[in-house]
Amino acid sequence: MSSIVQFENAYNIQSHKIQENEENDIEVNSIKLMLLGKETVGKTSFKSCLLEGKIPDEHIQTFIDAYYFDLRESSGKEIVEYVRIQDSAGQEEFQLIIEQMIFYNNGFFIIYSIDDYDSFQQVQNQIWQKILTSKQDQNFFAVLIGNKKDLEENRKVSFMEGQNLANKFGIPFHEVSLKNDPKSAKVIFNQLVLSIKKQEYQYPYYTQQYMVESNQSNISSVSQTRSKMNSIHSIDPKFQKQVLQNENKQYRNQQIQKENNCCCSIF
Ligand SMILES: Nc1nc2c(ncn2[C@@H]2O[C@H](COP(=O)(O)OP(=O)(O)OP(=O)(O)O)[C@@H](O)[C@H]2O)c(=O)[nH]1
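Only a predicted model underlies this, so the values are computations on that prediction, with no experimental measurement involved.

**Some thoughts on the site of the ligand**
Taken together, 22 residues lie near the ligand, and Lys 43, Thr 44, Ser 45, His 59 and Asp 150 sit nearest. Note that a nitrogen atom of the ligand is positioned 2.8 Å from one of the side-chain N or O atoms of Asp 150. Relative to its unbound accessible area of 650 Å², the ligand is 89% covered by the protein chains. Considering each element in turn, the shell around the ligand owes the most residues, 3 residues, to helix H3 (residues 43–52). A breakdown of the residues in the shell around the ligand according to their chemical character gives 5 nonpolar, 11 polar and 6 charged.

**Overview of the pattern of salt bridges**
By the definition in use, this model includes 5 salt bridges. Its salt-bridge partner being Lys 38, residue Asp 116 comes within 2.9 Å of it at the nearest N-O pair. On the criterion of sequence distance, the pair formed by Asp 116 in the loop between strand S5 (107–113) and helix H5 (117–135) and Lys 38 in the loop between strand S2 (31–36) and H3 is long-range, its members being 78 residues apart. Under the relative-accessibility criterion, Lys 38 is labelled buried at 14%. Several salt bridges share partner residues, and in doing so they unite Lys 38, Asp 116 and Asp 118 into one network.

**Quick word on the packing of H5 against helix H6 (residues 159–169)**
Look at H5 against H6: their axes get within 12 Å of each other, and the N-to-C directions meet at 5°. Between H5 and H6, the crossing angle belongs to the class labelled roughly parallel. Taking contact as the criterion, the partners of Tyr 117, Phe 120, Val 123, Gln 124 and Trp 128 in H5 are, on H6, Glu 161, Gly 162, Leu 165 and Phe 169. Counted by class, the contact of H5 with H6 contains 6 nonpolar, 2 polar and 1 charged residues.

**Some thoughts on the packing of aromatic side chains**
Evaluated as defined, the whole model comprises 9 aromatic pairs. Here Phe 46 and Phe 109 contribute two aromatic rings whose centre-to-centre distance is 4.6 Å and whose plane-to-plane angle is 40°, an arrangement assigned as tilted. With Phe 46 in helix H3 and Phe 109 in strand S5, this pair connects stretches of sequence that are 63 residues apart. Residue classification places Phe 109 among the buried positions, given a relative accessible area of 0%. When the centroid spacing of 5.7 Å and the interplanar angle of 70° are considered together, the rings of Trp 128 and Phe 140 count as edge-to-face.

**Observations regarding helix H4 (residues 95–103)**
Restricting attention to buried positions, one finds in H4 the residues Gln 95, Ile 97, Ile 98, Met 101 and Ile 102. Down the axis of H4, the buried set is contained in an arc of 150°. They therefore lie on one face.

**Topic: the nonpolar core**
Counting 26 residues, the largest nonpolar core has Phe 108, Ile 110, Trp 128, Ile 131 and Leu 144 as the members making the most contacts within it. Secondary-structure elements contributing two or more residues to this core are S2, H4, S5, H5, strand S6 (141–147) and H6. Here the element with the most residues in this core is H5; it accounts for 6 residues. The next biggest cluster of nonpolar side chains, apart from the first, holds 24 residues, and it includes Leu 33, Val 83, Ile 188 and Leu 192.

What counts and how
- Residues numbered from 1 in each chain as written.
- Predicted model: local features only at pLDDT ≥ 70, side-chain atom pairs only at ≥ 80, totals over all residues.
- Heavy atoms only, no water.
- Near = heavy atom within 4 Å.
- Polar contact = N/O pair within 3.5 Å; in protein donor to acceptor, adjacent residues only side chain to side chain.
- Areas by Shrake-Rupley, 256 points an atom, 1.4 Å probe, with all protein chains shown as cover.
- Helix = DSSP H or I, 4+ residues; strand = E, 2+ residues; numbered from the N terminus.
- Nonpolar A, V, L, I, M, F, W, Y, C, P; charged D, E, K, R; others polar.
- Salt bridge = Lys/Arg side-chain N within 4 Å of Asp/Glu carboxyl O.
- Buried < 20%, exposed > 50% of the residue type's maximum accessible area, 1.4 Å probe, protein only.
- Axes fitted to C-alpha atoms, helices over the stretch in contact; angles between N-to-C directions.
- Parallel < 35°, antiparallel > 145°, perpendicular 65-115°, else oblique.
- Contact = heavy atoms within 4.5 Å.
- Phe/Tyr/Trp six-rings, centres within 6.5 Å; stacked < 30°, edge-to-face > 60°.
- Arc of directions from axis to C-beta.
- Core = buried A, V, L, I, M, F, W, Y, C linked by side-chain atoms within 4.5 Å.

So yeah, pure geometry; function would need other evidence.
Rendered as structure tokens:
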């Protein structure tokens, strides 16, 4: 509980309307976070709680959405960081695109719903594997969230199952009800952003090693060791920016292509 209080007021979150001339800069320099989880677990709700202070009135299926906003010190005056949160579709047909998008994000809110065992199994058997495959030796941060704890009478995933899984992954765990306690989104968000900042996060020049026990069909144990940090100081800042810009351009093109393909097959 004490850690929750500690994180709650770390940053003010302000929605920020992006001007065309600053879009590129923000895209390049922002902390990039992504919401992952099966459909209807509460990914969009998490984003809405952060930016609007409550879950949406109705469920609208997400395809891919990105939200930009700035973070200010708790006084609310000074902007300390820009953040992009990418919402993603939980539906099976979009999983290939999501795998590609994971590569371009550094922080992940991995969400399941406590009344939906399948959503928990997807985290174990698919989502975590996708992150590891996609990020490979790149640094990333993640938190596991068991949502909808107000639906206690329909609970299918116990608190301990959630906690044990997070322990295996080596990431923090929270059980929440975004519906009853929308502020919990801000607490979790602040925790993730702070851990990114505390690691002096400089995407993509950190590396991380994963040791995955391969004697089971799915990941049963993952330990993470932050290692071999390439010295950011030895890299020319102009070069860093150019690399990031190119990556972002590539990603955007891929996204547009995929979106077009998807539109064709859906409509
Ligand atoms: N009871 C309860 N319902 C919730 C909670 N959080 C979200 N919901 C509801 O769950 C439904 C799905 O929420 P969304 O946030 O749209 O889920 P999503 O994961 O973004 O769904 P997709 O976009 O389809 O992948 C909505 O009807 C929400 O109102 C919660 O804490 N408790």
